Amino acid sequence: MEEEWKEIPGFDGWYDVSNMGRVRSWKVRGRTHRATEPAILRDQAHKNGMRCVALRKDGKYVRHLVHRLVMLTFVGEPPEGEALVIHLNKNNDDNRLTNLEYVSPEVVSAFYLEGYARGEEHPNSKLTEGIVRFCRSVYSPGDPQVGASALAEGFGVTPAAMHNAVTGKAWQHVE
């Protein structure tokens, strides 16, 4: 696939993004005129694991997620109710247009959980669905016999893990 560059909307021609997920700048530091050759910007890892770049507008630098810039520039605003972008190959470093798609929040949850081991299928799990059901049936908050701490000690997990299991923060698939 050949790399195609387009101007990022809202930046008055100062920044471009490519269908390969790269961002470039036409700015010259400290100057108001355009550079004769653009500079490819280095992206950084955002705290959420996605790639981002800092773009200057109105005298301020603001971080922008690269995958969102690619979609906004090449596809446009997201359709109603589909405000999130997924990476089809689940690789957050791969911001090629062919790897991105607008989806609804519900689809994101299902997409990223698909294929992942959960519950007792997870290799690090110390609990089983049966144990979780039992603990939920006897659990009484703060009770020294059947509170989260006592149950945790009995089944060899941390009190926090047991609390999450019996309150439904974890093991949501178990009824």
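Cut-offs and rules
Residues numbered from 1 in each chain as written. Predicted model: local features only at pLDDT ≥ 70, side-chain atom pairs only at ≥ 80, totals over all residues. Heavy atoms only, no water. Phe/Tyr/Trp six-rings, centres within 6.5 Å; stacked < 30°, edge-to-face > 60°. Helix = DSSP H or I, 4+ residues; strand = E, 2+ residues; numbered from the N terminus. Buried < 20%, exposed > 50% of the residue type's maximum accessible area, 1.4 Å probe, protein only. Lys NZ or Arg CZ within 6 Å of the ring centre and 35° of its normal. Contact = heavy atoms within 4.5 Å. Core = buried A, V, L, I, M, F, W, Y, C linked by side-chain atoms within 4.5 Å. Axes fitted to C-alpha atoms, helices over the stretch in contact; angles between N-to-C directions. Parallel < 35°, antiparallel > 145°, perpendicular 65-115°, else oblique. Nonpolar A, V, L, I, M, F, W, Y, C, P; charged D, E, K, R; others polar. Polar contact = N/O pair within 3.5 Å; in protein donor to acceptor, adjacent residues only side chain to side chain.

K.L.:
Any chance you could explain the packing of aromatic side chains here in plain terms?
P.N.:
Pairs of aromatic rings are described using the distance from one ring centre to the other and the angle between the two planes. Tallied over the entire structure, the rule returns two aromatic pairs. A ring pair is formed by Phe11 and Tyr15, whose centres lie 5.5 Å apart and whose planes are at 90°; its orientation type is edge-to-face. With 6.4 Å between their ring centres and 65° between their planes, Phe134 and Phe155 make a pair best called edge-to-face. In this pair, Phe134 is assigned in helix H3 (residues 129-138) and Phe155 in helix H4 (residues 148-155), connecting sequence segments 21 residues apart. Since its relative accessible area comes to 43%, Phe134 is described here as partly exposed. Lying across the ring of Phe11, Lys57 places its NZ or CZ 5.3 Å from the centre.

K.L.:
Looking at this structure, how should I read the environment of Val103?
P.N.:
Tracing the backbone through its elements, the reader meets Val103 in strand E9 (residues 100-103). For the pair formed by Val103 and Glu80, sequence separation is 23 residues and the distance between their alpha carbons is 9.8 Å. Not counting residues up to four positions away in its chain, the partners in contact with Val103 are Gly81, Glu82, Ala83, Leu84, Ile86 and Val108.

K.L.:
Before we go on, may I ask you to explain the nonpolar core in this structure?
P.N.:
Within soluble globular proteins, side chains that are nonpolar generally end up buried alongside one another. If you look at the biggest cluster of nonpolar residues, it comprises 15 residues, and the most contacted ones within it are Ile8, Val17, Val23, Val53, Leu55, Leu69 and Val70. Put simply, the parts of the chain that give this core at least two residues each are strand E2 (15-18), strand E6 (51-57), helix H1 (66-74) and E9. Ranked by residues supplied to this core, first place goes to H1 with five residues. In contact with Val70, not counting residues within four places along its chain, are Val17, Ser18, Gly21, Val75, Asn95, Leu97 and Leu100. Core analysis: the next-biggest nonpolar cluster, separate from the first, contains 13 residues, Leu127, Cys135, Val157 and Met162 among them.

K.L.:
Looking at this model, I keep getting lost on the packing of H3 against helix H5 (residues 159-167). Mind explaining?
P.N.:
A pair of packed helices can be characterised by two numbers: the angle between their axes and the separation between those axes. Relative to each other, H3 and H5 sit at 80°, their axes nearing to 9 Å. The angle between the axes of H3 and H5 places the two elements in the roughly perpendicular class. Between H3, through Val132, Cys135 and Arg136, and H5, the contact on the second element is made entirely by Met162, Ala165 and Val166. Here the contact of H3 with H5 is built from residues that sort into five nonpolar, no polar and one charged.

K.L.:
What should I look at first to understand the side chain of Asn19 in this one?
P.N.:
By secondary structure assignment, the location of Asn19 is in the loop between E2 and strand E3 (23-27). Of the residues examined, Asn19 reaches a relative accessible area of 6% and is grouped as buried. Among the polar contacts made by the side chain of Asn19, one reaches the main-chain carbonyl oxygen of Glu2 at a distance of 3.2 Å. At a separation of 2.7 Å, a polar atom in the side chain of Asn19 contacts the main-chain amide nitrogen of Glu4.

K.L.:
Sorry, what's going on with unusual backbone geometry here?
P.N.:
Non-glycine residue Asp58 carries a positive phi angle of around 55°. Its location among the elements puts Asp58 in the loop between E6 and strand E7 (60-65). Relative accessible area serves as the criterion here: at 72%, Asp58 is assigned to the exposed category. A positive phi angle, near 60°, is found at Lys90, a position not held by glycine. For Lys90, the location among the structural elements is in the loop between strand E8 (84-87) and E9.

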